Amino acid sequence: MTVRYDEPGRVARAANTLIRQLAELGIEIAGSRALRVRGRSTGQWRTVVVNVLTVDGRDYVVATRGNTQWVRNARAAGEVFTGPRWRRRRRSVVEIVDADKPELLRRYLDRWYWEVKGHAGGLTPSSSESEVREIAASIPVFELAG
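As named in an unreviewed UniProt entry, the protein is Nitroreductase, taken from Mycolicibacterium neoaurum VKM Ac-1815D.

Draft legend 1. Layout of the side chain of Ser32. When you line up the elements, Ser32 lands in strand E1 (residues 32-38). Within polar-contact distance, the side chain of Ser32 engages the backbone nitrogen of Ile29 at 3.0 Å. The contact partners of Ser32, leaving out residues within four places of it in the chain, are Ile19, Val49, Val50 and Asn51.

Draft legend 2. Layout of the environment of Arg88. Looking at where Arg88 falls in the secondary structure, it is placed in the loop between strand E4 (79-82) and strand E5 (89-95). In this structure the C-alpha to C-alpha distance between Arg88 and Val48, which are 40 residues apart in sequence, comes to 13 Å. Residues contacting Arg88, with those up to four places away along its chain left out, are Glu24, Arg36, Phe81, Thr82 and Gly83.

Draft legend 3. How the structure looks around the pattern of salt bridges. Across all of its chains, the model carries ten salt bridges by this definition. With its nearest N and O atoms 3.9 Å apart, the salt bridge here joins Glu24 to Arg88. With a gap of 64 residues between them, Glu24 in helix H1 (residues 10-24) and Arg88 in the loop between E4 and E5 connect regions that are remote in the sequence. With relative accessibility at 5%, the residue Glu24 sits in the buried group. Residue Arg106 pairs with Glu129 through a salt bridge whose shortest N-O separation is 3.7 Å. Pair noted here: Arg106 is in helix H3 (residues 101-116) and Glu129 is in helix H4 (residues 129-136), with a separation of 23 residues, a long-range link.

Draft legend 4. Highlighting helix H2 (residues 69-77). Looking at H2, one finds that the buried residues are Trp70, Val71, Asn73 and Ala74. What you see down the axis of H2 is that its buried residues fit within an arc of 165°, all on one side. Looking at the packing, one finds that the buried side of H2 touches E1, strand E2 (45-55), strand E3 (58-62), E4, E5 and strand E6 (141-145). Downstream of H2 by a residue or two, Gly78 has a phi angle that is positive, lying close to 80°.

Calculation notes
Residues numbered from 1 in each chain as written. Predicted model: local features only at pLDDT ≥ 70, side-chain atom pairs only at ≥ 80, totals over all residues. Heavy atoms only, no water. Helix = DSSP H or I, 4+ residues; strand = E, 2+ residues; numbered from the N terminus. Polar contact = N/O pair within 3.5 Å; in protein donor to acceptor, adjacent residues only side chain to side chain. Contact = heavy atoms within 4.5 Å. Salt bridge = Lys/Arg side-chain N within 4 Å of Asp/Glu carboxyl O. Buried < 20%, exposed > 50% of the residue type's maximum accessible area, 1.4 Å probe, protein only. Arc of directions from axis to C-beta.

Structure follows, in structure tokens:
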């Protein structure tokens, strides 16, 4: 796994805060959902907004910014909660191996490239198979089970 983290700037953090607050209220924008995970160091709950990709009835989350705090927390906790405040659902997280990521990344980019274009390791929906495989190691992907 390649370690990469594209830290969001001030404007992106402000926009993410607004979208997260809406997602916690149950208002999804373009497939966004609140994801809540316990911090690995502090034990405090942290909430971020993610896009949930559903493929063949299975849900996935993709961290196009790389090895973010929520990714590290999810790995440590082994579970997350998704959905609005009053209807959170406990989900275990299973990290997808690099060899299985390309198809999921392509589907994710087809749907949300407009949103993540500056933070997908240089990938676009038209990236070659070799480019996707090369960058896949730097983009964590989790299946949400349960």
